[in-house]
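Overview (structure and organization)
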Protein chains: 4
Amino acid sequence: MANTFGEKWSFTSFGESHGAAVGGVLDGVPAGLHIDLAMIRTELDRRAGREPAEKRQGSQQGIGVSPRAIREEDEVEWLSGTLDGVTLGTPIAFLIRNKDARPEDYEWLKHSYRTGHADKVYEQKYGIRDWRGGGRASARETAARVVAGCIAKQELAAKGISIRASLIQVGAETDPAKFAETIAAYQREGDSIGGIVECRINGLPVGTGEPIFNKLQAELAFAIMSINACKGFEYGTGFEGVTRPGSEINHISGGIVGGIADGTEVVFRCVFKPTPTTPNALAKVQKDDVQYTKVGRHDACVAVRAVPVVEAMTALALVQFLY
Amino acid sequence: MANTFGEKWSFTSFGESHGAAVGGVLDGVPAGLHIDLAMIRTELDRRAGREPAEKRQGSQQGIGVSPRAIREEDEVEWLSGTLDGVTLGTPIAFLIRNKDARPEDYEWLKHSYRTGHADKVYEQKYGIRDWRGGGRASARETAARVVAGCIAKQELAAKGISIRASLIQVGAETDPAKFAETIAAYQREGDSIGGIVECRINGLPVGTGEPIFNKLQAELAFAIMSINACKGFEYGTGFEGVTRPGSEINHISGGIVGGIADGTEVVFRCVFKPTPTTPNALAKVQKDDVQYTKVGRHDACVAVRAVPVVEAMTALALVQFLY
Amino acid sequence: MANTFGEKWSFTSFGESHGAAVGGVLDGVPAGLHIDLAMIRTELDRRAGREPAEKRQGSQQGIGVSPRAIREEDEVEWLSGTLDGVTLGTPIAFLIRNKDARPEDYEWLKHSYRTGHADKVYEQKYGIRDWRGGGRASARETAARVVAGCIAKQELAAKGISIRASLIQVGAETDPAKFAETIAAYQREGDSIGGIVECRINGLPVGTGEPIFNKLQAELAFAIMSINACKGFEYGTGFEGVTRPGSEINHISGGIVGGIADGTEVVFRCVFKPTPTTPNALAKVQKDDVQYTKVGRHDACVAVRAVPVVEAMTALALVQFLY
Amino acid sequence: MANTFGEKWSFTSFGESHGAAVGGVLDGVPAGLHIDLAMIRTELDRRAGREPAEKRQGSQQGIGVSPRAIREEDEVEWLSGTLDGVTLGTPIAFLIRNKDARPEDYEWLKHSYRTGHADKVYEQKYGIRDWRGGGRASARETAARVVAGCIAKQELAAKGISIRASLIQVGAETDPAKFAETIAAYQREGDSIGGIVECRINGLPVGTGEPIFNKLQAELAFAIMSINACKGFEYGTGFEGVTRPGSEINHISGGIVGGIADGTEVVFRCVFKPTPTTPNALAKVQKDDVQYTKVGRHDACVAVRAVPVVEAMTALALVQFLY
């Protein structure tokens, strides 16, 4: 089941980027949970690089974010699983229509594969491909993850568990005050850059996780590495810990011992590669005699918008261990 | 199912470190595969830090490896699933007796938790704990993984897929010629040190992996992060790629695009923390009025013995995608 | 995952009877399958007890079938997974709006439990209940099963496997020519009656099924017993075979030996109980001082409409074994 | 995972009838359960058609039971998961050696398929077959089910849930006092006969079961139909209910409404076909020019020994819903 995540809270995602809709079904949510719709809207805005609706004044901004994301408000249509805003214990199905879908922008992709994108491997794997903006490989799919993740976060919050992710590095820059500037510089040069997201989980009960194959860190890694463009996951002392002896670092658990939460803050980091689709990259493709006039809409630093997706996937991973 | 890995080749691991045996059941192996028992013996020796049986002459060596590992030859007892050395398509059950089990060495652990070990969290989670050498949390459990992984590797090899892991860094040292020396230095100081293992997969068919949640990198990360002491996983440009712009690195796929193998070599790395149980660490525990005279048997650099386990888990992860 | 059926073709069903929609997500369908939409419409008509659209002339009929079923045409809205009518290998999501939903018809049910219905147990289990016409327990949920089952049947047909179910008994009556009459008689008396459906599968490759827990008969029984009102499943000689000695019946396999298809026709039967909601039953409920003016819309013999659902669930069960 | 049953309590069965051993791994059992070994011995005796050890005096009996079953005491060897008789929360592995295995008795089967047995379909499916007494298809595999089922029954009993199966029909005979006589009569004629087992579950909490695909009756049917020789499953009014109108039987729930336990006794029945291997059947095989001098050891009415297996599988099915 390649489009389903989790067994206790089972989330099935569907939808192509420029098809009718993206959406999902979230099964396993207990009855009686009041869903906070405003929080879901806020998180979808965050994922889209939009200012939250309540803060916007005329001009929209969102540094290094594709125009489509800014323009298109994601409206969630709820199909099942709730009655008067309260969950019924039955599957919660929802969809977000692709209002701003413009397949014609991608006509040129019918006969062309973009470097660093999944165009070619999809066609090799399936023999057919939805060429419209990456189809299912598009980051638009993560909107559905954010909706499901919000519901998971609400349940976790009710149990005293909080998840907070943030961007801690862009290129070589580690001062958050300078991230926007750094991204803008790469964007001006028709280039793109990667970033590191750190996530902190608090309130997790001691014992969360299963000690052999389903270690907490393994489940988190699985969830996070399933996000587009993510190239690495580490927790606690991570890769840098390799140079420091046991006597120095063995008290740093990163919140997990033997695959099980030890009651302290869980800290992990993940890295996102630069966007492959940049004006420069497209110029190169064009040299191979491919003619096109319009260019897909993309971000200069996907790590920015990955932050709420990291939180969503973390929530979906953790909620499996709640019961 | 916290002790089962995989759905198509489903591997269930069992056994406590100082109980009767460790072992496993491997289900889903097709009928008609000839099992190469010699290769399994070699890999178990490699995991145990023993010279392969055929190369040994009198003195055993294995730098930074615990005495138990060296002494105890792992004999696999096959219980089912084969007839005349050929698989029947039925579950393959096997066990390795804990011949050198000495629970009395661990009596002192009954009322004591070791720093950096899972002793305390196990007791918190289960209310009961097998104090005998870490019980199920012991790295001895990985012997069963190696056996199952060998069978998976044999099937992969028959399809032209090879897996090769190696230690590429110990502490700050990246020259393999100096690894033994580096480890020995930490060992002399009663300390321990981490290491980085790199793994290269060749021959993987284009399209291997599932593009949304079960991305090839997510499945590999899940498998590898389930190994004791592993603190991070990355592939392709990994964490270091964060400082390099898209124009420079977006042609480096690490063998995976959109969650799917692209037909080039897959390269990933993982980091192992230093062993928590060192003479120094034990001296500290002793200060808290715990009396003991014997010390458990442990390695100075677990990354050494993790190499065949990384290969085994990689094989078990990949074999799920074969059919 | 209580709302998901199958692992290779994974079908997730959602929707309350009188909520916005019922629908589903079917994941695992290979790319390149042309979906026959006309066949799906025909099967939905069959499930609803409607004459197929192309045969209707003015008056609708459907003996013993609820007025809602007849009135409401089920229009499938396709959300994802296809491009120009061909499957992409990505999840196929669809919904059927509840156009004729009339929650007000069921207002009286807010504070009342119907005999033989799941009203009370749902409330006991979940603490909350969608009182609108049975919510998720309504047979309307089977419309989604029929859509998914049709796609499975199309794939099976492409591989030469056919499924044909039919009603073979209504009450004590075994002559199909008299079924309509028999049902009408019970309906006139304000009563209801059960029926037996027989299903024949042809073209199943020898070896289909897994010999221990996932025997072909176990998977079929699981699929069929999940249909509302089904009280029993048998194959081959079934329950009646108990009186006949081995020498007489052991050559009758019912198409399955040792849990595996033997290449002959698979034959199974299942029994459906009478509808619990009948005018008589409601009259009894009313005596307990519950006031209502409208009555839910129900069938006199649910076995009639169960026939295409039996085929759908059979197809969904078999398709798991295809690859 | 064709040899694993259940997800919360996950039971993996292994072993060929005349290989080294049969056994299993039971994962998911909570820590702290005291295992009643005497009860397991009693149930294994019951499955084997042996008088319980404590009641035996010199001569063994067991009407219609194969000599091997009577002779061979099943000794369970516990490999993991317990410490001082108490479960650790880790996988419980066990094996039963095939002490009386006599592969040479089955040499003639190497080139012959028995009617009504899985010999031929196994070879067609796998291309290879363990010809030694049916290999994995032998009912000996159910010994492992009984061990696991006993542990499940102990956990259920601790929660006030009881399971009691009994033989209610043999051939046309429904008076238990005459079952032994009936079976003996068929045995004398070199023939065999089927039987019906009824099972009653008490104490099941209201709400047990999942209302859509994983209905309680569907899970029970799946578990029971996975037992060798079982040809049908029904609950409540079952197949006979087809002739009785709703007004008469709709208050009979069989303990399950809408797929969920309603708090009353759950009653189901299942039917077992006659043994295919009888002296008469073998005489027929011999006519096809197959030479053999020894005959496999089999029962005249397998339904007798199926009773504890029905209880075991019921327990394994129910225990999935406990948490």
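Here, the structure is the one placed above.
Residues numbered from 1 in each chain as written. Chains lettered and ligands numbered in written order. Predicted model: local features only at pLDDT ≥ 70, side-chain atom pairs only at ≥ 80, totals over all residues. Heavy atoms only, no water.

**Digging into the overall build of chain A**
- Helices and strands together make up the secondary structure of chain A, namely 9 helices and 13 strands.
- Split into buried and exposed, the 323 residues of chain A put 63% on the buried side.
- Within the structure as shown, chain A displays about 11,200 Å² of accessible surface, and the carbon and sulfur contribution to it stands at 50%. (Helix = DSSP H or I, 4+ residues; strand = E, 2+ residues; numbered from the N terminus. Buried < 20%, exposed > 50% of the residue type's maximum accessible area, 1.4 Å probe, protein only. Areas by Shrake-Rupley, 256 points an atom, 1.4 Å probe, with all protein chains shown as cover.)

**Re the interface of chain A and chain B**
- Facing the 81 residues of chain A at the interface are 81 residues of chain B.
- At the boundary of chain A with chain B, total buried surface from both sides reaches about 6,000 Å², with 64% on carbon and sulfur atoms.
- When the area that chain A buries against chain B is broken down by residue, the three leading residues are Phe213, Lys231 and Phe239 of chain A, summing to 15%.
- Across the chain A-chain B interface, the total number found is 2 salt bridges.
- Between lysine 125 of chain B and glutamate 210 of chain A there is a salt bridge; the shortest N-O distance is 3.6 Å.
- At the junction of chain A with chain B, the criterion picks out 27 residue pairs in polar contact (both at pLDDT 80 or more).
- Of the residues that constitute the side of chain A that touches chain B, the class distribution is 37 nonpolar, 28 polar and 16 charged.
- The pairing of strand S10 (residues 230-235) of chain A with strand S10 (residues 230-235) of chain B spans 3 bridges and is classified as antiparallel. Bridging from a neighbouring strand, glutamate 234 of chain A pairs with glycine 232 of chain B of S10 of chain B. (Contact = heavy atoms within 4.5 Å. Buried area = accessible area lost by both parts, 1.4 Å probe. Salt bridge = Lys/Arg side-chain N within 4 Å of Asp/Glu carboxyl O. Polar contact = N/O pair within 3.5 Å; in protein donor to acceptor, adjacent residues only side chain to side chain. Nonpolar A, V, L, I, M, F, W, Y, C, P; charged D, E, K, R; others polar. Pairing = 2+ DSSP bridges.)

**Concerning the sheet that holds strand S9 (residues 195-202) of chain D**
- The 8 strands lie next to each other as S8(C)-S9(C)-S13(C)-S10(C)-S10(D)-S13(D)-S9(D)-S8(D), forming an open sheet whose pairing is antiparallel. The outermost strands of the open sheet, each flanked by one partner alone, are strand S8 (162-170) of chain C together with strand S8 (162-170) of chain D. Within this sheet the neighbouring strands show an average axis-to-axis angle of 20°, counted without direction. (Axes fitted to C-alpha atoms, helices over the stretch in contact; angles between N-to-C directions.)

**Looking at helix H4 (residues 142-158) of chain C**
All names here are of chain C.
- With 17 residues, H4 ought to run about 24 Å at 1.5 Å a step, and its terminal C-alpha atoms sit 24 Å apart, in line with that.
- For H4, a buried count of 15 out of 17 residues is recorded, marking the element as mostly surrounded by other parts of the structure.
- Taken from the residues just after H4, glycine 160 is the one with a positive phi, measuring 85°. (Expected span 1.5 Å × (residues − 1).)

**Details of the sheet that holds strand S4 (residues 76-78) of chain C**
Residues and elements named next belong to chain C.
- An order of S1-S2-S3-S7-S4 is seen for the 5 strands of this open sheet, with the pairing classed as antiparallel. Only two strands of the sheet have a single neighbouring strand rather than two, namely strand S1 (4-5) and S4.
- Sheet topology places S4 next to strand S7 (residues 92-97); 3 bridges connect them, and they run antiparallel. Within the sheet, the bridge partner assigned to tryptophan 78 lies in S7 and is phenylalanine 94.

**Structural notes on the interface of chain D and chain B**
- Listed by partner, the interface residues are 41 residues for chain D and 41 residues for chain B.
- Taking both partners together, chain D and chain B bury about 2,900 Å²; carbon and sulfur atoms supply 65% of that area.
- Summed over the shared surface of chain D and chain B, the result is 2 salt bridges.
- Glutamate 77 of chain D is paired through a salt bridge with arginine 97 of chain B; the nearest N and O atoms lie 2.9 Å apart.
- At the junction of chain D and chain B, the tally comes to 8 residue pairs in polar contact (both at pLDDT 80 or more).
- Mapped onto the side of chain D that touches chain B, the elements with two or more residues apiece are strand S2 (10-15), strand S3 (21-27), strand S4 (76-78), strand S5 (82-83), strand S6 (86-87) and strand S7 (92-97) of chain D.

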